[in-house]
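Descriptive analysis of the structure
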Amino acid sequence: MSTTTAAPQFDVIIVGAGVGGAACAVAFASAHPLRILLVERHAGPGNINRGDSLLPVVTARFSAWGILDQVHAAGARPLTCMQVFHHRAGLLLDAPLPTPGSHAPYLVLPHPDIERVLAEAARATGRVDIRYRAHVHRLVEHDGRVHGVILTDPAGDHTMTARLVIGADGSASALRAALGIPLARASYDHSYFGADLDRPADYADAMRIELHPAGGILVVPGRNHVAVAALIHREDEEKFRRLSFPERLSLIKGRSPLLTGCQAVSDSGHLYQLSRAHAQHYTAAGAVLIGDAIHLINPTAGQGMTMAIEDAAALARHLGPPLVTGAAGATLEPFLRAYEQERWPRNASQIRWSHWMSQFYAFGGSWGDLLRQWVFRFGASAMGRRVQQYLWTRMALGKAVH
Ligand SMILES: Cc1cc2nc3c(=O)[nH]c(=O)nc-3n(C[C@H](O)[C@H](O)[C@H](O)COP(=O)(O)OP(=O)(O)OC[C@H]3O[C@@H](n4cnc5c(N)ncnc54)[C@H](O)[C@@H]3O)c2cc1C
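Just so we're clear, the structure is a prediction, and the values are computed from it rather than from any experiment.

1. Concerning the overall build of the chain
Per the secondary structure count, the chain includes 11 helices and 22 strands. Computed over its C-alpha atoms, the radius of gyration of the chain comes to 22 Å, within 12% of the 21 Å expected for a compact globule of 402 residues. Here the C-alpha coordinates of the chain stretch approximately 70 × 45 × 40 Å along the principal axes. Counting across all 402 residues of the chain, residues that qualify as buried make up 49%. Considering only residue pairs separated by 6 or more positions, the chain has 75% of its internal contacts joining residues 24 or more positions apart.

2. What to know about the domain arrangement of the chain
Looking at the assigned domains, one finds that the chain contains domain 1 (2-53 + 68-74 + 109-186 + 276-359) and domain 2 (189-273 + 365-389). For domain 1 versus domain 2, the distance between C-alpha centres works out to 32 Å. On the domain 2 side, the residues contacting the five residues of domain 1 number five residues. Residues belonging to the side of domain 1 that touches domain 2 are distributed by class as follows: two nonpolar, two polar and one charged.

3. Quick word on the sheet that holds strand S22 (residues 295-296)
Two strands in a sheet stick together by hydrogen bonds in their backbones, pointing the same way (parallel) or opposite ways (antiparallel). Within the open sheet, the three strands sit side by side as S13-S19-S22. Their pairing is antiparallel. The sheet is open, and its two borders are formed by strand S13 (186-187) and S22, each paired with just one other strand. Taken strand by strand, helix H9 (residues 333-362) contacts strand S19 (275-278) and S22, and its axis lies near 160 degrees from that of S19.

4. As for the sheet that holds strand S6 (residues 81-86)
Strands sit in the order S7-S6-S15-S16-S17-S14-S18 across an open sheet of seven strands; the sheet is mixed. In this open sheet, the two edge strands, each paired with only one partner strand, are strand S7 (90-96) and strand S18 (270-272). The sheet shows a mean angle of 20 degrees between the axes of neighbouring strands, direction not considered. Of the pairings in the sheet, the one linking S6 to S7 comprises six bridges and is antiparallel in character. From the neighbouring strand, glutamine 83 faces S7, where its bridge partner is aspartate 94. Contacts between helix H10 (residues 365-379) and the sheet are confined to S6, S7 and strand S15 (207-211), with S7 contributing the most and set at about 40 degrees to the helix.

5. Section: the nonpolar core
With 123 residues, the main nonpolar core has Ile13, Cys24, Ile166 and Val228 as its most contacted residues. If you tally residues by element for this core, the top one is helix H8 (residues 304-324), at 10 residues. Mapped onto the domain boundaries, this core takes at least three residues apiece from domain 1 (2-53 + 68-74 + 109-186 + 276-359) and domain 2 (189-273 + 365-389). Ignoring sequence-local partners within four residues, the contact set of valine 228 consists of Gly194, Ala195, Leu197, Ile217, Leu218, Val219, Ile252 and Leu259.

6. Some details on the site of the ligand
Inspection of the region around the ligand gives 35 residues, with Gly16, Gly18, Gly51, Gly291 and Gly304 positioned closest. Put simply, the parts of the chain that give the shell around the ligand at least two residues each are helix H1 (19-31), strand S10 (135-142), strand S14 (190-198) and H8. By residue number, the principal contributor to the shell around the ligand is H8, which donates four residues. A per-class count over the shell around the ligand returns 13 nonpolar, 16 polar and six charged.

7. Focus: the pairing of strand S17 (residues 225-233)
Within S17, seven of the nine residues are buried, leaving the element largely enclosed by the surrounding structure. As defined by bridge partners, S14 adjoins S17 across nine bridges and the pair is classed as antiparallel. The residue bridging aspartate 198 from the neighbouring strand is histidine 225, located in S17. Taken together, the five bridges between strand S16 (residues 217-221) and S17 define a ladder with antiparallel strand orientation. Across the sheet, residue isoleucine 217 finds its bridge partner in S17, namely alanine 230. Adjacent in sequence and paired antiparallel, S16 and S17 are bridged by three residues.

Reading guide: rules and limits
- Residues numbered from 1 in each chain as written.
- Predicted model: local features only at pLDDT ≥ 70, side-chain atom pairs only at ≥ 80, totals over all residues.
- Helix = DSSP H or I, 4+ residues; strand = E, 2+ residues; numbered from the N terminus.
- Rg over C-alpha atoms; globule rule 2.2 N^0.38 Å.
- Buried ≥ 20, exposed ≤ 12 C-beta atoms within 10 Å, placed from the backbone.
- Contact = placed C-beta atoms within 7 Å.
- Domains from an automatic or database assignment.
- Nonpolar A, V, L, I, M, F, W, Y, C, P; charged D, E, K, R; others polar.
- Pairing = 2+ DSSP bridges.
- Axes fitted to C-alpha atoms, helices over the stretch in contact; angles between N-to-C directions.
- Core = buried A, V, L, I, M, F, W, Y, C linked by C-beta atoms within 7 Å.
- Near = placed C-beta within 6 Å.

Have a look at this one:
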């Protein structure tokens, strides 16, 4: 860290304009007259696909921020049902996805478009200055508290100061490291291979799971394509890595009749290593973290983006009002602690729940295959539908599942 005593240039600096950081800028700026700097090392909103699902808890949040129309205008598609197929047994479950107690829709939109909509909405408030190609590599400190950042952009190094510095810089967070907050990871024994394929002609807009003993495939619809995420067991991973992209694709397509005739939209896919982790603390030295910087989760339940956005919303709710009244330094401490106390137990519950869901989904061999067939068939029964509705409602509304 380096030291400064000058008056701060901004009220809030947010490092990282991924979904969490961009949502944080919208959450602060849509409700509070604050000067905000959003810093991103990349040239613009992301181009990697890391989850498209906007659960009702998130779309309700977007509605409150006044940006749901922009999400629809960007091409978001509503999903109203979930279907589970088995590669031999066919359709096991076709369940509607209404969420009792909420009118918010379940939408899907490619991850880069979600980042783009959020960044544009933040800028449109007139309160957020976004700097792309700007890499934060050091924190600025005064009296033992973080007071700003040093960023490098094509013009050189710049010291930027603020009353609050927020790290939304993802799983390899440099801010977390600089603050000395550890994040111990537990690796999963499976990974996900993600790729975009042509949309099958007869494919209804459904969240679809294709079960196969070698590893299930999650299929998410887009306008002209489907995004697929295929589970790869650890024992198969080395062999999978040696395959060319067309060979990988043909192996994945062999697991699902739906995908048989589909071609890839681009000539590459991505193999995601998975782990789970939860930092003991979200705040140190007056700075604070949100999103993947403090928690990593198995993506099977599709909750990571929701957690980052809910962190952002909670942080703005706790810190916005004191910042507007001019609070700074140690006077912000109780509000930072309130944010951590609100979010930590909820995030812990989501990590635990997603972990158990992933164990069920990744349980290998013919026993795992039989168990999943039995559970999804039960889900189609009258009693199973009630259980499934309960679980879906808790997930859709971002509540803990016990
Ligand atoms: C395969 C896969 C599928 C997933 N599916 C889903 C899903 O369906 N639903 C869901 O809700 N979640 C899903 N997730 C999880 C979700 O993508 C993440 O939890 C979420 O994107 C975290 O957002 P974030 O903003 O905290 O971090 P990130 O998205 O990692 O953003 C961090 C940003 O900070 C920038 N940055 C980093 N360091 C610096 C620096 N020093 N200076 C400036 N900028 C910096 C990065 O460039 C990046 O833009 C999935 C994840 C994976 C891997």
